[in-house]
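Structure assessment
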Amino acid sequence: MNIGIVGLGTSLPEHRMTNDDLAATLDTSDEWIRSRTGIGARRIADDAVDVTDLATEAAQKALADANLTADDIGLIVVGTATGRAFPSTACIVQERIGALGATAFDISAACSGFIFALQTASSMMTATGSKHALVIGAEKMSSIVDWSDRSTAILFGDGAGAVVLGPTEQQGLNAFELGTDGRGAHLLFKNLDGPIEMNGREVFKFAVRKLPDIVEKVIQKADGTLDELDLLIPHQANLRIIDAARERLGIAEEKVIVTIDEHANTSAASIPLALEEARRQGRLSPGTTLVLAGFGAGLTWGAAYITWTKGENT
């Protein structure tokens, strides 16, 4: 069975927190944040909004975009680092959308979570014959940030993105490149009762090295070339990381989708949110080739080589 993306939906909180808003309580400024990260604003969910609310809205929009109902879904996989210990975010989404015939579970791979979830879902679809799956990246990063810590509070935002996977005329999910190096687990972590802690310098060095490496490897696995690639959609952690990777790869700036200015780092949600931005810009049509590439705590990394198939679902 050829599997591709047949639906896409996102969810962003209404509240837009700017760098100037942060500067009112932190020793920082818009210029300081932008020059170091590329971030100008981020969406912050209200206290009453849970990560499951964001995930559910994104899932409902993706189902509508695919012209499917919850009864069509046999599998729900959610990548998240901010869900509850149990039950999983995916279980709550399953109940809320009414997909009671779907197997549902979460994956914890931090900012690489959406790519890990994407490969897991596609592999399970192949193994079980499930016709459609929901893959969601959802985060409420504001709930685990120390808002008095300038080094991390400026970096993160909230949001969710979802795709529906289904049968397509041509193969949409062509290749994956995943990996983990637990020796770097101490560089970016959150203890059970504490906020995010990060060695920013070392994480930056890791990301600048790993991002171009996994892009090249996943393209090779797909028997493609960089010249044939239409779009690169990287995890939105830091604009300097994205620019450094793009320059190392020799990819033109206009081929890279960047949303960090408005979304900040939404962890597992950043790639599907950027995918929606690519569609909003009119950059996606059947046959468009993309690489989705993420990296994060673990240390983890993941990339997917995709041919856009929306509009070809059968």
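Nothing here was measured: the structure is a model prediction, and the numbers come from that model. (Residues numbered from 1 in each chain as written. Predicted model: local features only at pLDDT ≥ 70, side-chain atom pairs only at ≥ 80, totals over all residues. Heavy atoms only, no water.)

Overview of the layout of surface pockets
One simple way to see leftover space: roll a probe sized like a water molecule over the atoms. Counted as a void, the largest pocket has a volume near 1,100 Å³. Taken together, 44 residues form the lining of the largest pocket, with M141, F156, L188, I196 and M198 sitting closest to its centre. Residue assignment for the lining of the largest pocket shows that the elements contributing at least two residues are α2 (30-37), β5 (103-107), α6 (150-153), β9 (188-190), β10 (196-198), α7 (200-221), α8 (239-249) and β12 (289-296). Ranked by residues supplied to the lining of the largest pocket, first place goes to α7 with 5 residues. Along the lines of polarity and charge, the residues of the lining of the largest pocket split into 25 nonpolar, 12 polar and 7 charged. The residue makeup of the lining of the largest pocket includes at least three contributed by each of domain 1 (3-167) and domain 2 (173-308). (1 Å grid on protein atoms, 1.4 Å probe; cavity = no way out; pocket = protein on both sides within 12 Å on 5 of 7 lines; lining within 4 Å. Points joined across faces, edges and corners; volume = space filled by probe spheres on them. Helix = DSSP H or I, 4+ residues; strand = E, 2+ residues; numbered from the N terminus. Nonpolar A, V, L, I, M, F, W, Y, C, P; charged D, E, K, R; others polar. Domains from an automatic or database assignment.)

Quick word on the sheet that holds strand β4 (residues 75-79)
Taken in spatial order, the 5 strands of this open sheet run β1-β7-β6-β4-β5, and their pairing is mixed. Bordering the open sheet on either side are β1 (3-11) and β5, each of which pairs with just one other strand. Sheet twist, expressed as the average angle between the axes of neighbouring strands with direction ignored, equals 20°. By the bridge criterion, 5 bridges tie β4 to β5 in an arrangement that is parallel. Across the sheet, the residue bridging to V78 is D106, located in β5. Across the face of the sheet, helix α4 (residues 89-97) comes into contact with β4, β5 and β6 (133-140) while running at roughly 145° to β5. Those strands touched by helix α5 (residues 113-128) are β1, β4, β5, β6 and β7 (158-167), and its axis lies near 160° from that of β6. (Pairing = 2+ DSSP bridges. Axes fitted to C-alpha atoms, helices over the stretch in contact; angles between N-to-C directions. Contact = heavy atoms within 4.5 Å.)

A look at the side chain of T307
Checked against the element boundaries, T307 lands in strand β13 (residues 300-307). Not counting residues within four places of it along the chain, the set of residues in contact with T307 comprises Q170, Q171, G172, N174, G287, T288 and T289.

A closer look at the nonpolar core
With 45 residues, the main nonpolar core has V215, L232 and V291 as its most contacted residues. Those elements that provide at least two residues to this core are α7, α8, β12 and β13. For this core, the leading source of residues is α7, giving 9 residues. Within the second largest apolar cluster, 33 residues are counted, among which are I3, A117, L173 and L292. (Core = buried A, V, L, I, M, F, W, Y, C linked by side-chain atoms within 4.5 Å. Buried < 20%, exposed > 50% of the residue type's maximum accessible area, 1.4 Å probe, protein only.)

Quick word on the pattern of salt bridges
In the structure shown here, the tally under the stated rule is 16 salt bridges. D53 is the salt-bridge partner of R96, the closest N and O atoms lying 2.8 Å from each other. On the criterion of sequence distance, the pair formed by R96 in helix α4 and D53 in helix α3 (residues 51-65) is long-range, its members being 43 residues apart. D53 sits in the partly exposed class, given a relative accessible area of 30%. Residue R246 pairs with D243 through a salt bridge whose shortest N-O separation is 3.9 Å. Of this pair, R246 and D243 both sit in helix α8, 3 residues apart, roughly one helical turn. Residue class for R246 comes out buried when judged on its relative accessible area of 13%. Since its relative accessible area comes to 26%, D243 is described here as partly exposed. Each of D30, R34 and D261 takes part in a single network of salt bridges with overlapping partners. (Salt bridge = Lys/Arg side-chain N within 4 Å of Asp/Glu carboxyl O.)

Looking at the packing of α3 against α4
The contact between α3 and α4 brings their axes to 9 Å, and the two run at 50°. As judged from the angle between their axes, α3 and α4 are oblique. In this structure, α3 meets α4 at a crossing whose hand is right-handed. When α3 is examined against α4, the residues V51, T52, D53, A55, T56, A59, Q60 and L63 are found in contact with a partner set consisting of T89, I92, V93, R96 and I97. Classifying every residue of the contact of α3 with α4 gives 7 nonpolar, 4 polar and 2 charged. (Parallel < 35°, antiparallel > 145°, perpendicular 65-115°, else oblique. Left-handed = near helix turned anticlockwise from the far one by under 90°.)

Digging into α5
The end-to-end C-alpha distance of α5, which contains 16 residues, comes to 22 Å, matching closely the 22 Å that a straight helix rising 1.5 Å per residue would cover. Within α5, the full set of buried residues consists of G113, F114, I115, F116, A117, L118, A121, S122 and M125. Positive phi appears at G129, one or two residues downstream of α5, with a value of about 80°. (Expected span 1.5 Å × (residues − 1).)

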